[in-house]
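What follows is each chain in one-letter form.
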Amino acid sequence: MFLFTDFLELIRKEINTEIPEVVPEDLTMGQDGYGDISARLIKYLINREDAGDACEKIMGRVKALEFVSEVSMTNNYLNVWIRPEHVFRALKESIDSTGMFPDVFQEPERISVEHTSTNPTGPLHIGRARNSVIGDSLARLKKRVGYRVTTQYYVNDSGKQMMSLYFGYEKFHKNEKPTIPMLLDGYIKTYRYFEETGSEKEVEELMERYERNDSDLISKVRFVAGIMLDGISADLATIGIKIDEYTWESEFIATGETGTVMERLSADLHEENGARYIDIPGLRKIYVQRRNGTSLYITRDIAYHMYKFSQYDHCTVVVGEDHREHGKIMKYIMNDLLEYTNTLSFVYYAYVNLETGKMSTRKGTSIPMISVYEKLKEKSMEELKKRYGDGADAKTAEKIAASSFRYHLLKFNPTKPVTFRWEDALDFNGDTAVSIMYSMVRASGILNKVSNEGAIPNMENFPESEKSLLLLAYIYPYKLMDAAKSDKPEIIANYAFMLSTAFTRFYEDVKISEQAPEIKNRQLETVKIFRTIIEDACNIIGIMKVDKL
């Protein structure tokens, strides 16, 4: 829960004296063409005979609030303008006392955010990296609003793809020390081998042994998978992502928890030719056990969610858009059949494509995430050398590359497909991480170079660029709450760019060093407010601070 001076709530309370039905969602802030705050009242007034009288009373009560400078009513919209000095004080007091805006205290609810969870059959490619960026940013967002959050990676070390990875190593590279390039080579050769022979029988036999809890095979497959997983984790670290907990799918076979799943579902199971299934209303038959008695992926996924529900109140899973049906199935099984009261939600995203088409690890057409990162780092270093020559800093180039990669995959609606072009991600003049980073550098430069002369800040004569910047800074808590409630961290990414753009306008409009001391000191505080909030927002979305650009 956030602690801050909530102007919207104070205004709503006055409106409620005449229209009790008005809820927080009826009020918006910063909407173009309206007041600083606007309230849509038409649906409550349209059938009231005393609508005109009610509006007059509401306007009078709202105008009496000390922080309100002006009110109007247009087309049943109540428009309210806030005195900029009150916005300034609300922001400054919070930052001076707590170091942040808004302040927050920890919620008791425990949240799990599962992301990435790609089969460890090859390096993480840029398509799957969108999952990681969304998931990590979502987890950071949930922590910022006060929840206790754990990030999780569900390691799919069972099934055809993992057996094919192991088979490829055994068939094409046996007795060699396994490395990521070697394992990937064997994996690709395995699928070519399937095409040539017209049979996948050898891998199918491995799958059956694995699902019958062959401990020796499970150990060998996990060893091979672990090498790939170490590479994926290292790649994620380059863009600032660290996962808290790894859970192996095979654990639910080894511990017999898939059997517990079958027991819990026994009343809802049907049989067909020896196999067992659940009939999901409005969907289809979902098989949870083969005729030979072995479990399927979904059986183990149910066991995994039973484990998560024993630890967390709310479980969020970030998955590709092609898993929408699976999400519906899991919610029905966990909440309707097994009657868990925990909340299960899914965040779906569209995959990232190359300009030449979709990527596939087993076909050898994927582009590793780390390759794109290295290219971004190389181009960042080239740009820095143009500016600073031999003084260009490699660490700064790394931060630009990681931040640009993350922001470019996060800023779009996750359901919108992205065709990745590194030059778009690194445009120093566009809607990119670099622009946001540059605004932070500018803010720090002002605070380091322009001295505060100790005069009492003047609370009058705010230029429009400063008023706009302060109002946008004040909106931050509402953006945080909206993003956290809707599981949309891209809201914070877009807000960060808007805030940095507003700061740039303020920076270009006002020469702080040339102002009278009482104005200069207020505007230095405005810069401090901006820097505090933009750094907080950037921490959520993974944009890193640099000393110079």
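Residues numbered from 1 in each chain as written. Predicted model: local features only at pLDDT ≥ 70, side-chain atom pairs only at ≥ 80, totals over all residues. Heavy atoms only, no water.

A. Region of interest: helix α4 (residues 84-98). Between its terminal C-alpha atoms α4 stretches 21 Å, which fits the 21 Å expected from 15 residues at 1.5 Å a residue. Those residues of α4 not exposed but buried are E85, H86, V87, F88, A90, L91, S94 and I95. Lining the buried residues of α4 we find α1 (7-16), β5 (77-82), β6 (103-104), α18 (464-474) and α21 (517-541). At the exit of α4 stands G99, carrying a positive phi of roughly 80 degrees. (Helix = DSSP H or I, 4+ residues; strand = E, 2+ residues; numbered from the N terminus. Expected span 1.5 Å × (residues − 1). Buried < 20%, exposed > 50% of the residue type's maximum accessible area, 1.4 Å probe, protein only. Contact = heavy atoms within 4.5 Å.)

B. Examining the pairing of strand β14 (residues 343-349) more closely. The buried fraction of β14 is high, at six of seven residues. Bridging between strand β13 (residues 314-320) and β14 involves seven bridges; their strand directions are parallel. What sits directly across from V319, in β14, is Y348. In this fold, the crossover linking β13 to β14 by way of helix α13 (residues 324-337) has right-handed handedness. (Pairing = 2+ DSSP bridges. Right-handed = clockwise from strand over helix to strand, strands pointing away.)

C. Representation of the domain arrangement of the protein in the model. In terms of domains, the protein is made up of domain 1 (2-82), domain 2 (115-354) and domain 3 (370-541). A straight line from the C-alpha centre of domain 1 to that of domain 2 covers 50 Å. (Domains from an automatic or database assignment.)

D. Expanded view of the packing of aromatic side chains. Per the stated rule, a full pass over the model turns up 25 aromatic pairs. An angle of 55 degrees between the planes, with centres 6.3 Å apart, marks the rings of F503 and F506 as tilted. Of this pair, F503 and F506 both sit in helix α20 (residues 490-509), three residues apart, roughly one helical turn. Owing to a relative accessible area of 0%, F503 belongs among the buried residues under this scheme. Taken together, the ring pairs in this structure connect F4, F7, F67, F101, Y474 and Y478 into an aromatic cluster. Sitting over the ring of F462, R522 keeps its end group 3.9 Å from the ring centre. Positioned over the ring face of Y388 is K548, at 4.2 Å from the centre of the ring. (Phe/Tyr/Trp six-rings, centres within 6.5 Å; stacked < 30°, edge-to-face > 60°. Lys NZ or Arg CZ within 6 Å of the ring centre and 35° of its normal.)

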